[in-house]
Amino acid sequence: MGVGRSYCVALVGLNGYIVEVEADIGQTLPNFVILGLPDASLNEAKERIRSAAQNSGIPLSRRKITANLIPASLPKRGSGFDLAITMAVLRAANDIREIGGTVFIAELGLDGRLRPVRGILPAVMAAVQAGYPDIVVADSNAVEAGLVPGAKVRGYKTLARLAFDFGADPKDLALDYNPLDADAPDEDDEVAATMPDLCDVSGQGEARRALEVAAAGGHHMLLTGPPGAGKTMLAERLPGLLPDLADTAAMEVTAIRSLAAVQSSTVRLVRRPPFENPHHSATAAAIIGGGSGLPRPGAASRAHRGVLFLDEAPEYERRVLDALRQPLESGELVIHRSAGTAAYPARFQLILAANPCPCGKASGKGMDCTCTAMMRRRYFGRISGPLLDRVDIQLQVERVSLADFGHAGEEEDTRIVAERVLAARERQLERLLAMGLETNSQVPGRTLRGELRLPPGTTRILDTALERGTLTARGYDRVLRLAWTLADLAHSDTPDMDHIGQALGLRQAAAAT
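For the structure given in this document, a descriptive report is provided here. Since the model is a prediction, treat every value here as computed from it, not as a measurement.

On to helix α4 (residues 120–129), then. For α4, the tally of buried residues reaches seven of ten residues, placing the bulk of the element in the interior. Listed in full, the buried residues belonging to α4 are Ile120, Leu121, Pro122, Ala123, Val124, Ala126 and Ala127. Each element contacted by the buried residues of α4 is listed here: β1 (3–12), β2 (15–25), β5 (103–105), β8 (134–138), α5 (142–145) and α11 (247–260). Looking one or two places after α4, you find Gly131, whose phi comes out positive at around 90°.

Attention now goes to the pairing of strand β4 (residues 64–70). Examined bridge by bridge, β2 and β4 share six bridges and lie antiparallel to one another. What sits directly across from Val21, in β4, is Leu69.

Looking now at the nonpolar core. Where a protein is soluble and globular, its nonpolar side chains tend to be buried together. Grouped together as the largest cluster of nonpolar side chains are 77 residues, with contacts concentrated most on Phe32, Leu83, Ile85, Met87, Phe104 and Ile105. By residue number, the principal contributor to this core is helix α3 (residues 82–92), which donates eight residues. Ignoring sequence-local partners within four residues, the contact set of Phe32 consists of Lys46, Ile49, Arg50, Leu60, Ile65, Ala67, Ile85 and Val89. In terms of nonpolar packing, the next biggest core, distinct from the first, is built from 48 residues, Ala210, Leu242, Phe309 and Ala465 among them.

As a further point, take the packing of α4 against α11. Remark: α4 packs on α11, axes separated minimally by 6 Å, with the N-to-C direction vectors making an angle of 120°. With respect to α11, the element α4 is oriented oblique. Residues Ile120, Leu121, Pro122 and Met125 of α4 touch α11, and the partners they reach there are Met251, Thr254, Ala255 and Ser258. By residue class, the composition of the contact of α4 with α11 is six nonpolar, two polar and no charged.

Taken as a whole and judged by the stated rule, the model has zero disulfides. Distance from the sulfur of Cys359, which forms no disulfide, to the nearest cysteine sulfur (Cys357) is 3.5 Å. Judged by its relative accessible area of 26%, Cys359 is partly exposed. The thiol of Cys371 is unpaired, and the distance to the nearest cysteine sulfur, on Cys359, comes to 3.6 Å.

We now examine the pairing of strand β18 (residues 393–396). Every second residue of β18 is oriented toward a common face, with Ile393 and Leu395 on one face and Gln394 and Gln396 on the other, all of them buried. Pairing between strand β10 (residues 221–224) and β18: four bridges, direction parallel. Looking across to β18, one finds that Met221 is bridged to Ile393.

This part takes up the packing of aromatic side chains. Throughout the structure, instances matching the rule amount to three aromatic pairs. On the basis of an interplanar angle of 40° and a centroid distance of 5.1 Å, the ring pair of Tyr7 and Tyr132 is categorised as tilted. You can see Tyr7 sitting in strand β1 and its partner Tyr132 sitting in the loop between α4 and β8, a full 125 residues away along the chain. For Tyr7, a relative accessible area of 16% gives the class buried.

The rules we used
Residues numbered from 1 in each chain as written. Predicted model: local features only at pLDDT ≥ 70, side-chain atom pairs only at ≥ 80, totals over all residues. Heavy atoms only, no water. Buried < 20%, exposed > 50% of the residue type's maximum accessible area, 1.4 Å probe, protein only. Helix = DSSP H or I, 4+ residues; strand = E, 2+ residues; numbered from the N terminus. Contact = heavy atoms within 4.5 Å. Pairing = 2+ DSSP bridges. Core = buried A, V, L, I, M, F, W, Y, C linked by side-chain atoms within 4.5 Å. Axes fitted to C-alpha atoms, helices over the stretch in contact; angles between N-to-C directions. Parallel < 35°, antiparallel > 145°, perpendicular 65-115°, else oblique. Nonpolar A, V, L, I, M, F, W, Y, C, P; charged D, E, K, R; others polar. Disulfide = S-S within 2.5 Å. Phe/Tyr/Trp six-rings, centres within 6.5 Å; stacked < 30°, edge-to-face > 60°.

Here is the structure:
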């Protein structure tokens, strides 16, 4: 008997690392030891593996078994190592033939069934990028794993069938065991949901226009107004205006969904931008990511390439809101824990909705408002100035009038507005692709004042606002990005003074109320 070897993948955030599994069968009393920084669920694999092998007709050796996971300094967590450890042990006992560079990723049931694991998509992506395209997974994970270009995926339902294909003696194998298809992947759940339509929103012409601008340029947005004005309805209809995700973005979003799902059931790439709407009682770990051991992705990462909507924004803890400032700039969340550091992409559109005061009646003349000036200031002050400075569009949403209900059904629907948004996105991509950018919201200030610099006469109103201190340097750049988006929607080559004025109005509307 020699040393058996197989391969698996350890995930740290969305980054995967190839793990070589060594197995040795000693000459001492029965024991099973797993080395290489395993967590509790991985340590429990010893009993799962013994039972699964026994019930599959290929019982493990009754001598001491030592499994070593290399590199030993990398933390290993989860049940996805079960199959790789089993195959290495069987190879060490000469029960199967040489494994080669095949990567095994699956959990084992006590009956020998191969069960799916979450995070299969980023794990397979990491294996292919590392030069290990041959992948064996649970049959329920096979379709999802096959989404990765270049992967040669084989899906199995049972350990016995897998061992047979790797040369195990068939006389004792439980090859007639046919598990129920309880783990079969579900139908695509993103088709089942009906996208809400923009024509459901009565009136609110200015807010509808602002929503179109936000969708066209990927801009962040704050909606302030009384309860019932339609702030939530508008935010929920933003994903329908966004174009489908390109291949790279779709792979990123699908990988995050694969990692965050309780049970993987992805059968195709996620093409529609995600929409996350956490409750205002959510903790920082729920929004940013966290948990025991290595941190898991939160709502901000699950909203990557889509929309993160925070309704009743002043009700969130201030430290939760301020924690979003860094990903708004960098598009990435780096979470440090004692067990390690995980990095997740988090390039999302932030949509905030807020009442003007605790009672919500301070809009318009505010005659019915029972809040004092200090109460209003304290309430809205829960959203910090640095966070608001990163929000491009800040709009006051007024109450819907009776006249607006009289024109119900006459508003443009999502399909018509989405066509204009797509045309504007195509103009941006044509202009920015050489810079490695996709939308106006991503253009850095150096580029706005360099290659895309506008004539001094066009930006005179902005220059004046900056000189008077009513506009910060960051706000100056964000108004310019809005102006470029307005120009793209108007099929104009460059923004003019009218676009600059509209952009400045969109940014200062809420602050002026």
